[in-house]
Amino acid sequence: MKELKRQFEIFLQHQNISETVIPYLVFLVLLIIAALLLFVSVFVTKKILHNAVGRLFRKTRGKWDDLLIKHYLFSALGYLVSVIVLKSAVPILFEDFPATLTFIGKLLDVYLVFVVVRVLIVFLKATEEYLSESQLFIEKPIASYFQLVRIILYVIAAILGMSIIINKSPLYLLGAFGAMTAVILLIFKDTILGLVASIQISANDMVRIGDWVEMPKYNADGDVTAINLNTVKVSNWDKTITTIPTYYFITESFKNWRGMQMSGGRRIKRTIQVSIDSIQFVNPEMRDRFKKIDLIKDYIIKRQAEIEQHNKDNEVNTDVLINGRRMTNVGVFRTYIEKYLQNHPRIHRDMTMIVRQQEPGQHGLPIEIYCFTNTIKWAEYENIQSDIFDHIVAAISYFNLTVFQSPTGKDFKSLGAVN
């Protein structure tokens, strides 16, 4: 290009063009030639790399090289070629403009720094995606660490760029930044807190990608889809997205349902309120009727034999029901629920199963059913729970019991009609 410039200057001089105009015309023509050369070199570089090297990458079994293509490695390398072309052309283009040449040279050096950083970022993004799909790291917040590395690279690039422009050592700028520590800490407060939180979350295995978490304070209830340096994204069940600062998972309370998902069972914990005025001792007529219920037939026979033997041994006057030991309809009902749950095909056999009586209150006697389904799927769990309580509510009348229900307007109307 230097020879081309010289020949073109000679040509313009033979055309009787003013000496003051010739440098500008030469600059304009060479600038156009350099721009065309730059475009062609970058375009050809991308094409050659994409067609030749890209084809080779796709034939390999490894996935990491494919990810390099996905994150535009060849485009980044094309910009690197553009720096090489510009570094060769600029000294010739601005040979007649020394002051401008110095400034443009500095800009090119800064440009080179950021192009190199871009190439490194491509490798980092490819590595991040590759590791995030690995079984060893699939549940770890590695995105946070790669984000931190990228931030460090950008900061280094900015420091190097500023040091090139002001013609000072990077150590000089670092010293200046040291004096601004308080301001820097304030600017990067969220990043620093996010980094510390990410390390604690990873070290203590508090949250993983794919976990179902619940944080009512921020209306978050769904699966964790991403754990980044500054934020955790939660895809809620209503298809909305909640973004929560990472450090809130250290400072705030939240519920992680991973234990339930790993156990293979989901808890049912619900009560049915029995009207206290319907509770009574079991008389012979009721006992005969209960013996016809398959699930508790053997229990009724065995229990009645134990009671009769106890009353006989203690010479209890059984003419009055309150004397001695007796079965109650609510006790038999609890046993029926236990037997029903034990024989239910969707109840987990190896997990806690309790049917217990709680403290009576203004709404009757609570009978709590506490057990686990053998599935963790939400829809199936709700169906199983609904089926169980459909049956219990329908069966309670067979035990001469009623479910407590607050009186409604219809009840008061009926009472008024009777009066």
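As shown above, the structure is provided for reference.
Residues numbered from 1 in each chain as written. Predicted model: local features only at pLDDT ≥ 70, side-chain atom pairs only at ≥ 80, totals over all residues. Heavy atoms only, no water.

Caption draft 1: Representation of the packing of aromatic side chains. Taken as a whole and judged by the stated rule, the model has 11 aromatic pairs. Plain terms: the ring middles of Phe290 and Phe399 are 5.3 Å apart, the flat faces sit at 35° to each other, and that makes the pair tilted. Remark: Phe399 occurs in the loop between α15 (378–395) and α16 (409–418) and Phe290 occurs in helix α12 (residues 284–290); sequence separation between them is 109 residues. The class for Phe399 is buried, based on a relative accessible area of 1%. Geometrically, the ring pair formed by Tyr336 and Phe399 is tilted, given 5.4 Å between the ring centres and 50° between the ring planes. On the criterion of sequence distance, the pair formed by Tyr336 in helix α14 (residues 329–342) and Phe399 in the loop between α15 and α16 is long-range, its members being 63 residues apart. For the pair Tyr336 and Phe399, a shared accessibility class is recorded, and that class is buried. Members of the aromatic cluster, joined through ring pairs, are Phe290, Phe333, Tyr336, Tyr340 and Phe399. Lying over the aromatic face of Trp257, Arg266 brings its terminal NZ or CZ to 5.4 Å of the ring centre. (Phe/Tyr/Trp six-rings, centres within 6.5 Å; stacked < 30°, edge-to-face > 60°. Helix = DSSP H or I, 4+ residues; strand = E, 2+ residues; numbered from the N terminus. Buried < 20%, exposed > 50% of the residue type's maximum accessible area, 1.4 Å probe, protein only. Lys NZ or Arg CZ within 6 Å of the ring centre and 35° of its normal.)

Caption draft 2: Expanded view of the sheet that holds strand β6 (residues 266–274). If you trace the 3 strands from one edge of the open sheet to the other, you get β6-β8-β7, paired in antiparallel fashion. Because the sheet does not close on itself, it has two edges, and the strands there are β6 and β7 (354–357). The sheet shows a mean angle of 15° between the axes of neighbouring strands, direction not considered. Sheet topology places β6 next to strand β8 (residues 365–373); 9 bridges connect them, and they run antiparallel. When the bridges of β8 are listed, Ile268 appears paired with Cys371. On the sheet, α14 packs against β7 and β8 and is oriented at approximately 10° with respect to β8. (Pairing = 2+ DSSP bridges. Axes fitted to C-alpha atoms, helices over the stretch in contact; angles between N-to-C directions. Contact = heavy atoms within 4.5 Å.)

Caption draft 3: Region of interest: unusual backbone geometry. Of note in the backbone geometry, Asn219 takes a positive phi value of approximately 55° without being a glycine. Phi angles above zero are rare outside glycine, and Lys239 is one such case at about 75°. In this fold, Lys239 is placed in the loop between β3 (231–236) and β4 (241–245). Lys239 gets classed as exposed once you look at its relative accessible area, which sits at 72%.

Caption draft 4: Geometry of the environment of Gly264. Looking at where Gly264 falls in the secondary structure, it is placed in the loop between α11 (258–263) and β6. The sequence separation of Gly264 and His348 amounts to 84 residues, and the corresponding C-alpha distance is 8.6 Å. Beyond its immediate sequence surroundings of up to four residues, Gly264 is in contact with His348, Thr373, Asn374, Thr375 and Ile376.

Geometry only, nothing functional implied.
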